[in-house]
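Here is how the chains run, residue by residue.
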Amino acid sequence: MAGRINDDDVRTVRNAVPIDAVVSEYLQLRPGGGGNLKGLCPFHDEKSPSFHVSPAKGLYHCFGCQEGGDTVDFVMKVEHLSFSETIERLAAQAGITLRYEEGGYTPGRQQGERTRLLEAHKVAAQFYAEQLGSAEAEIGRGFLAERGFDQAAAERFGVGYAPAGWDHLTRFLRGRGFTDKELTLSGLSQDGRRGPIDRFRGRLMWPIRDITGEVVGFGARRLREDDNGPKYLNTPETPIYRKSQVLYGIDLAKRDIGKQGRAVVVEGYTDVMACHLSGVTTAIATCGTAFGGEHVKILRRVLTDNSRSEVVFTFDGDAAGQKAALRAFEDDQKFAARTSIAVSPGGMDPCDLRLAKGDEAVRQLIEERSPLFEFAIRSFVKQHNLDTAEGRSAALEQAAPVVARIKDVSIQHDYAVRLGGMLGILDERFVTNRVRQLARYAAQGGAGRGRGGQGQAQVRGGGAPPQAGAGAAGPRQSGPAPAGGAAGGPALYMRTPALHRERELLKLALQHPKLVAPAFDAYLADEFTAAPYATVRAAIEAAGGVAAAADSAAYLARVRDAAPDDGVRSLITELAVEPPRSRREPDAIYAGEQLAGVRLAAVDRRIDDVRSTVHRLGAQGPPDRFESAQRELWTLQQYRESLRARGAAAL
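Residue positions are given per chain, counting from 1 as you read along its sequence in written order. Predicted model: local features are reported for residues with pLDDT of at least 70 only, side-chain atom pairs are reported and counted for 80 or more only, and whole-chain, interface and lining totals are derived from all residues. Calculation of side-chain values draws on the structure's entire complement of heavy atoms; hydrogens and water are dropped beforehand.

Participant: Help me get a handle on the pattern of salt bridges, residues and values and all.
Facilitator: Here, a salt bridge means any Lys or Arg side-chain nitrogen found within 4 Å of an Asp or Glu carboxyl oxygen. Counted according to the given criterion, the structure contains 38 salt bridges. Close ionic contact of E237 with R242 constitutes a salt bridge, the shortest N to O distance being 3.9 Å. Remark: exposure states derive from per-residue accessible area (1.4 Å probe, protein chains only) relative to the maximum for the residue type, with buried under 20%, exposed over 50%, and partly exposed in between. For E237, a relative accessible area of 47% corresponds to the partly exposed category. Judged by relative accessible area, R242 falls into the partly exposed class, the value being 35%. The shortest N-O distance in the salt bridge between R569 and D566 comes to 2.5 Å. Of the two residues, R569 and D566 are both situated in helix 24 (residues 566-577); the distance of three residues between them amounts to about one turn of the helix. For D566, a relative accessible area of 59% gives the class exposed. Working definition: helices are DSSP H or I runs of at least four residues, strands are E runs of at least two. Numbering for both runs from the N terminus.

Encoded structure:
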């Protein structure tokens, strides 16, 4: 049974790996104000960034889907790992050696499954790369040379060679401590008559890496005529490899994709190599499958998807390439970015084009791209006989919906006019009216679906964070109160103006504890009218209060650990990441306003209660109780006036 990771080592790992460095491996982050960073959430589809990262606090929170936590939580969620697997992975990145309790650490037995499979692929990639220099691999080196790739190019992309024998890699990995079960589970080996044998034999090998640079699989190219297998053989589906969820070259291209706001989608491994070597460093490719929805999700996060970004598809000019381009068009609406297509003259792919005409020709191919919807329109029109009325009508009915899907209304109208010209339909208004009709129909259908889904995904905190100095978010419902609410009761609206002061004070207590210390620690839970906020206040107290918040990251970790459930923990993370509403950097004056405001509201509530008591007792109640209530009322009223006049100085 796996040993327990030493607690001190867990804390060391948490502090050693900055959360912004980890998150930026998966999505493009940009300044979000208040020292925070923001990007498109990796946990739900969105077109406006609501995913915030606070490097100073070591926390992240999405104000769209309410996912949040620290570095460990992020990696666990995005990679679907266990806690121990996550700690092991982060420790390896930071170069930290972990200690295991309950019997000590035995390599190969106490590491998580995913960690072991990744390690096996890392070792296999090194093995294949070394084999490329062997005498047997001359055929592989020749293949690369014929396509314009030298040794430096092979090393840059980690290209290797799988020996033709039955079990060269299998025996090598066994010698490195990997079990037969791990080798078959990883897809590096497969069952043979007498035990595991190599899956890849006598082939040129491309390591397929995920967005973080970990090798998760391989693409293997056939080299010999007596190889009866497919031209390209990929790693099968494994716990770490899903072909629909990986993009070859994404680890190399992601930073330039983010900087340039452009991604170039090509068809094969050699095309990616050719593009990068030609200076098109944003090229990526799918791994033996069509470009689909999961690929869109990966690319949108890296691209920071917006109308200024662009996705360029390159396909062969043959029938299969055109069919692939039209399939890509089906995903156009999943991007906010512009989508274009680049088809080289003569139908050459980027690798062939580079070999025939040089690096400049590859760059020019991308620069001379055309809008994808224009390509789709022309492709549909070409399928019909425009010499007949029936052919023109059929072409209109197939191409008009394509034009109707164009997002920009002015461009949509321009292409409707151009479509009429392509078809030879003299009545321009007939075509434009048909396109508008289809666009309205699609919009109504989309709106209907949107209304149908509205309200189903409720959020705890009430939606996106308000901008500094702005009003509250719109009247969105929050999810069930994390604490203090009856199960199945109405959701509490956490962003009502009545709760602004309480929310701001808790944000300051979590983000700037020194500004509200020591006064905040004297506040009672009943001074917070919302039960979830009162529970957060209790968690801060259980963590030692704001006066004990010397180390920001450790303090927030203690507060989150003190939360009674995941709902409160999520709310704490949200409050720790959401920027304060102040137009300026929060200071002692702003903190004093929030402290005084919350206390004043509590005093007003108490005055109302005591007034009710005085009214109820009246002249017929016990004189001592009546007089006591009057004295309390007078004291509270004096305190209220002092708070109004002096603010935090009266606390």
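Participant: An account of the packing of helix 11 (residues 269-277) against helix 14 (residues 350-357) is requested, with residue identities and associated values reported.
Facilitator: Comment: axis = line fitted to C-alpha atoms, over the contacting stretch for helices; angle = value between 0 and 180 degrees taken between N-to-C directions. One way to put it is that helix 11 packs onto helix 14 with a least axis distance of 7 Å and a crossing angle of 45 degrees. The angle between the axes of helix 11 and helix 14 places the two elements in the oblique class. Here T270, D271, A274, C275 and L277 of helix 11 come into contact with helix 14, specifically with P350, C351 and R354. Residue classes follow a fixed rule: Ala, Val, Leu, Ile, Met, Phe, Trp, Tyr, Cys and Pro count as nonpolar, while Asp, Glu, Lys and Arg count as charged, and any other residue, Gly among them, counts as polar. Its residues assigned to classes, the contact of helix 11 with helix 14 shows five nonpolar, one polar and two charged. In this scheme, roughly parallel covers angles under 35 degrees and roughly antiparallel covers those over 145, while 65 to 115 is roughly perpendicular and the rest are oblique. Residue contacts are defined here by distance: any two heavy atoms, one from each residue, within 4.5 Å place the two residues in contact.

Participant: Tell me about helix 20 (residues 500-511), and please be specific about residues and values.
Facilitator: Helix span, expected: 1.5 Å multiplied by one less than the number of residues in the helix. Helix length check: helix 20, at twelve residues, gives a terminal C-alpha distance of 16 Å against a target of 16 Å (1.5 Å per residue), a fit within 8%. Restricting attention to buried positions, one finds in helix 20 the residues H500, E502, R503, E504, L505, L506, K507, L508, A509, L510 and Q511.

Participant: Please provide a residue-by-residue account of unusual backbone geometry, values included.
Facilitator: The amide bond that connects A517 to the next residue, P518, takes the cis arrangement and shows omega of -5 degrees. As for its position among the elements, P518 is in the loop between helix 21 (513-516) and helix 22 (531-542). Phi at Q66 takes a positive value of approximately 70 degrees, unusual for a residue other than glycine. Mapped onto the elements of the fold, Q66 is located in the loop between strand 5 (59-62) and strand 6 (68-70).

Participant: Could you give an account of the side chain of S340, with specific residues and numbers?
Facilitator: With respect to the helices and strands, the residue S340 is situated in strand 17 (residues 338-342). Not counting chain neighbours up to four residues away, the residues in contact with S340 comprise E310, V311, V312, F313, R369, S370, P371 and L372.

Participant: Explain the packing of aromatic side chains to me, using residue names and the numbers behind them.
Facilitator: Working definition: a ring pair exists when centres of Phe, Tyr or Trp rings (six-membered ring for Trp) sit within 6.5 Å. Plane angles under 30 degrees give stacked, over 60 give edge-to-face, the rest tilted. Applying the stated criterion across every chain, the model contains 19 aromatic pairs. The interplanar angle of 65 degrees and the centroid separation of 6.3 Å between the aromatic rings of F43 and F51 together place this pair among those described as edge-to-face. Taken individually, F43 and F51 each receive the classification buried, so the pair is uniform in this respect. Between the aromatic rings of Y128 and F218, the centroid separation amounts to 5.1 Å while the plane-to-plane angle is 85 degrees, which identifies the pairing as edge-to-face. You can see Y128 sitting in helix 5 (residues 113-131) and its partner F218 sitting in strand 12 (residues 215-222), a full 90 residues away along the chain. A relative accessible area of 1% places Y128 in the buried class. The exposure class of F218 is buried, given its relative accessible area of 1%.

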